[in-house]
Amino acid sequence: MKLSENVEFNRSSLLIDEFREKLPEILKYRYMIVYGMSRRIVASTEAVMSSFSDWDEIAEFRCFDEDGEIHGVLRGEEMTLYTVTDHNISPEEDEIIIEQEYTFGGAEAAFGKKEAVDGEEDGLGNPGKLILRRYLEFDEDGQGHIVLSRCFGFTN
């Protein structure tokens, strides 16, 4: 589905075994937020792929950067994947995009210590502010409402 000339949204589902086989191809963006059954992890995708092996614990994940996001949600024996691609189009270039920053703290480090997103220890495990992109749709009266949100990156 195209939200605008610059923004695409897709949904697909994979069986868990198929998802595990395709992990390197699916997780192509720079950052990850992993929601496990017992913890939340914020790290670079590279760090997660090289050090995290308990994919059975994952309930949900977000893999993202400036170009797009893959949001995976475990539903029974399937991983449902929601993909948004906007190729780093700025809000000034497309009126349906707004960006907002949110404080994102308290995530557990994936590998035994609290660390910032790029691996630089900050003592708090706080990667900074999470940048969210929100995509708007306008009704016949010109009123906008949010139809989709995605993680975009982090800022200090």
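In this text the structure is predicted, and so the values were computed from the model without any measurement.

## Here's the deal with the confidence of the model for the chain
With 74% of its residues at a pLDDT of 70 or more, the chain has an overall mean of 77. The secondary-structure element of the chain with the lowest mean pLDDT is helix α3 (residues 45-51), recorded at 77, while strand β5 (residues 68-75) shows the highest, at 92. Scored below 50 in pLDDT, residues 108-125 makes 33 contacts in the model with residues more than four places away or belonging to other chains.

## Notes on the nonpolar core
Ranked by size, the top nonpolar core spans 20 residues in total, and within it F19, L27, M32, W55, F61 and L81 carry the most contacts. Sorting the residues of this core by element identifies α1 (16-21), α2 (23-26), β2 (31-36), β3 (40-44), α3, β4 (58-65) and β6 (78-85) as the ones contributing at least two each. Sorting elements by how many residues they give to this core places β4 first, with three residues. Setting aside chain neighbours within four positions, we find F61 in contact with F19, L27, M32, I33, V34, I70, H71, G72, M79 and L81. Of all hydrophobic cores here, the second largest spans ten residues; its members include V7, I89, I96 and Y135.

## Considerations on a negative patch on the surface
Negative charge collects at one region of the surface, where E137, D139, E140 and D141 lie side by side. Checked against the element boundaries, D141 lands in the loop between β8 (129-138) and β9 (144-155).

Reading the values: the criteria
Residues numbered from 1 in each chain as written. Predicted model: local features only at pLDDT ≥ 70, side-chain atom pairs only at ≥ 80, totals over all residues. Heavy atoms only, no water. pLDDT = per-residue confidence, 0-100. Helix = DSSP H or I, 4+ residues; strand = E, 2+ residues; numbered from the N terminus. Contact = heavy atoms within 4.5 Å. Core = buried A, V, L, I, M, F, W, Y, C linked by side-chain atoms within 4.5 Å. Buried < 20%, exposed > 50% of the residue type's maximum accessible area, 1.4 Å probe, protein only. Patch = residues over 30% accessible without salt bridge, like charges linked within 9 Å, V, L, I, M, F, W, Y side chains within 5 Å. Areas by Shrake-Rupley, 256 points an atom, 1.4 Å probe, with all protein chains shown as cover. Salt bridge = Lys/Arg side-chain N within 4 Å of Asp/Glu carboxyl O. Lys, Arg positive; Asp, Glu negative; His and termini not counted. Charge placed at Lys NZ, Arg CZ, Asp CG, Glu CD.

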